[in-house]
Amino acid sequence: MPDTIIKNDNHQEDIQIIFERLKKFTPTGVFHIGAHKGEEVDQYLALGFQKIILVEADPSLYEYITKKFKKDKNVSVFNYAVCDKVGFVDFYIHKSNNGTESSSIFKMDKLDKIVTSLKTSKTIRVPANTIDNIIHENNINLEDYNVLVSDIQGADYFAIKGAEKSINKFDAVIVEVQCINLYENYISEEKMDSLMKGFGFEKEFVIYHELYKNDKRFPAWGEALYINKNKKNAKLG
């Protein structure tokens, strides 16, 4: 059974906790899907990673991070909704009153009923691509990237499905898992485990985050660390 903890959502803190589990293997690069504003880049660099790929579906955020990192030759930025197909998809901009975003290629299911401040402000059409195709089209050398991070609000399972040719090159995958149907097309954590196991990865650690309704608190989603059991340097700290 993997180790688990339940804590308040603090993404930078969560990254630090998760990457502590990987401190014994040599960092090379991070392939990060769902980049938002690239908040994690400084943290990745501080952890010793040399190269960063950021993939973001929202064109306005893509423009923002392109400008933000234009002088950094070790950061590459791509504008795609990552899933299991190539083409175009609807992208739903889910925002709360305080500016928190939970945008996704999927409509909300229970999420906006629990977090009532969340609304879908608009829907836009964006280019969709698979991890395998992004790597192929851009001649990305996966020897330079050994950690894959997926944080795309309910669509992570579909992104991983689109990496069947390349995922075994990564030492570790950090992926968001759902405990309840926050978004439509809900994929359970168990189904994600099964997909990852089929690719040779084993779940080692999960940070769960809670939501609450009335007086009840419950795990709603988590950040799961999967280790490639076929890679010799994928050792836990």
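A quick note: this is a predicted structure, and the numbers were derived from the prediction, not measured.

S.K.: I would appreciate a short explanation of the overall build of the chain in the present structure.
M.R.: For the chain, the count of helices and strands is seven helices and 11 strands. Referenced to the eigenvectors of the C-alpha coordinate spread, the extents of the chain come out at roughly 45 × 40 × 30 Å. The burial tally for the chain puts 51% of its 237 residues in the buried class. Counted over contacts in the chain with a minimum sequence separation of 6, partners at least 24 positions apart contribute 68%. Per element, the accessible surface of the chain, about 11800 Å² overall, is 46% carbon and sulfur. Side chains of the chain give 32 positive and 35 negative charges; the mean places of these two sets differ by 1 Å.

S.K.: Explanation requested: empty space enclosed by the protein in the structure shown.
M.R.: Rolling a probe over the atoms, with the probe sized like a water molecule, indicates the empty space that remains. The full count for this structure, using the stated rule, is one cavity of 30 Å³ or more. As a volume, the largest cavity reaches approximately 70 Å³. Where the lining of the largest cavity is concerned, the elements lending two or more residues are α6 (156-161) and β9 (172-178). Looking at the lining of the largest cavity element by element, the count peaks at three residues for β9. Of the residues that constitute the lining of the largest cavity, the class distribution is five nonpolar, three polar and two charged.

S.K.: Can you help me understand the packing of aromatic side chains in this one?
M.R.: Each aromatic ring pair is characterised by the separation of its centres together with the angle its planes make. In this structure the tally under the stated criterion is six aromatic pairs. With a centroid separation of 5.5 Å and an interplanar angle of 80°, the aromatic rings of F19 and F49 are classed as edge-to-face. Of this pair, F19 sits in helix α1 (residues 11-20) while F49 sits in the loop between α2 (41-46) and β3 (51-55), placing them 30 residues apart in sequence. Residue classification places F19 among the buried residues on the basis of a relative accessible area of 6%. Through a chain of ring-to-ring contacts, the aromatic side chains of F19, Y44 and F49 assemble into a single cluster. The positively charged end of R21 is found above the aromatic ring belonging to F205, 4.1 Å away from the centroid.

S.K.: Mind showing me how you'd approach the environment of E202 here?
M.R.: Locating E202 in the fold gives a position in strand β10 (residues 201-213). E202 sits in the partly exposed class, given a relative accessible area of 44%. Between the C-alpha atom of E202 and that of Y226, which follows or precedes it by 24 residues, the distance is 5.2 Å. Discounting chain neighbours no more than four positions away, the residues touching E202 are L225, Y226, I227 and K229.

S.K.: I keep staring at the pattern of salt bridges and nothing clicks. Help me out?
M.R.: Between side chains of opposite charge, pairing is possible as soon as their charged atoms come close. On inspection of all chains with the given rule, the structure shows 14 salt bridges. Among the salt bridges present, the one from K7 reaches E13, with a minimum N-O distance of 2.6 Å. On the basis of relative accessible area, K7 is assigned to the buried category, the value being 16%. In this structure, the salt-bridge partner of K95 is E101, at a minimum N-O distance of 4.0 Å. Taken together, the shared-partner salt bridges connect K7, E13 and D14 into one network.

Here is what the cut-offs are and how they apply
- Residue numbers run consecutively from 1 along every chain, following the written order of its sequence.
- Two thresholds apply to this predicted model, a pLDDT of at least 70 for residue-level local features and 80 or more for giving and counting side-chain atom pairs, whereas whole-chain, interface and lining totals are computed over all residues.
- Working from all heavy atoms in the structure, the side-chain values ignore hydrogens and water.
- A run of H or I in DSSP becomes a helix once it reaches four residues, and a run of E becomes a strand once it reaches two; helices and strands are each numbered from the N terminus.
- A simple rule labels every residue: compare its accessible area, found with a 1.4 Å probe on the protein chains alone, to the largest value its type can have, and call it buried under 20%, exposed over 50%, or partly exposed in between.
- Should any heavy atoms of two residues lie within 4.5 Å, those residues are counted as being in contact.
- All accessible areas in this document rest on Shrake-Rupley with a 1.4 Å probe, and a residue is counted as covered only by the protein chains that are shown.
- Asp and Glu are treated as the negative residues and Lys and Arg as the positive ones, with His and the ends of the chain left uncounted.
- Positions of charges follow a simple convention, taking NZ of Lys, CZ of Arg, CG of Asp or CD of Glu.
- Of the two site types, the cavity is a set of points on a 1 Å grid over the protein atoms alone where a 1.4 Å probe fits but cannot get out, and the pocket is an open set with protein on both sides within 12 Å along at least five of seven lines, each lined by residues with an atom within 4 Å of a point.
- Grid points are joined across faces, edges and corners, and a volume is the space filled by probe spheres set on the points.
- Amino acids outside the nonpolar list (Ala, Val, Leu, Ile, Met, Phe, Trp, Tyr, Cys, Pro) and the charged list (Asp, Glu, Lys, Arg) are all regarded as polar, and Gly is one of them.
- Aromatic pairing here means that ring centres of Phe, Tyr or Trp (its six-membered ring) are within 6.5 Å. Orientation follows from the plane angle: under 30 degrees is stacked, over 60 is edge-to-face, and everything else is tilted.
- Lysine and arginine charges are scored as sitting over a ring when NZ or CZ, respectively, is within 6 Å of the ring centre and within 35 degrees of the ring normal.
- Whenever a carboxyl oxygen of Asp or Glu lies within 4 Å of a side-chain nitrogen of Lys or Arg, that contact is scored as a salt bridge.

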